[in-house]
Amino acid sequence: MDSSLTLEEIASIYIASPPNSPYEKKMLDNGTEIYEGLSDTYPEGLNWVRVMFGENYFAVIKTYGGNKFMHSDRPRSFFNKVWFE
């Protein structure tokens, strides 16, 4: 974790949001701050990205698939199954 960058700056580095599709800041039930959004990166193309923050670390989680997958709740379901102790 680089203390010279804010959490939002770190999220903007890893979530390359297409125009008119900004990422969102959220707080999980356990108090973990996350940023989540649609990202357009090479070579993957469109993918969902969640950036999770802890006290001394952050994690970048990506998932992508076909049209039906990307427009369903399955990416968020996948993200919700990832946690850190």
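Up top you'll find the structure we're talking about.
Residues numbered from 1 in each chain as written. Predicted model: local features only at pLDDT ≥ 70, side-chain atom pairs only at ≥ 80, totals over all residues. Heavy atoms only, no water.

## Quick look at the pattern of salt bridges
Per the stated rule, a full pass over the model turns up five salt bridges. Taking the shortest distance from any N to any O, the salt bridge between Lys26 and Glu36 comes out at 3.3 Å. Linking Lys26 in strand β1 (residues 24–27) with Glu36 in strand β2 (residues 33–41), this pair joins segments that are 10 residues apart in sequence. For Lys26, a relative accessible area of 28% translates into the label partly exposed. The partner of Arg50 in a salt bridge is Glu36, and the shortest N-O contact between them spans 2.6 Å. Of the two residues, Arg50 is situated in strand β3 (residues 45–53) and Glu36 in strand β2; the sequence distance between them amounts to 14 residues. The pair Arg50 / Glu36 is uniform in exposure class, with both members buried. Through salt bridges with shared partners, a single network forms among Glu24, Lys26, Glu36, Arg50 and Arg76. (Salt bridge = Lys/Arg side-chain N within 4 Å of Asp/Glu carboxyl O. Helix = DSSP H or I, 4+ residues; strand = E, 2+ residues; numbered from the N terminus. Buried < 20%, exposed > 50% of the residue type's maximum accessible area, 1.4 Å probe, protein only.)

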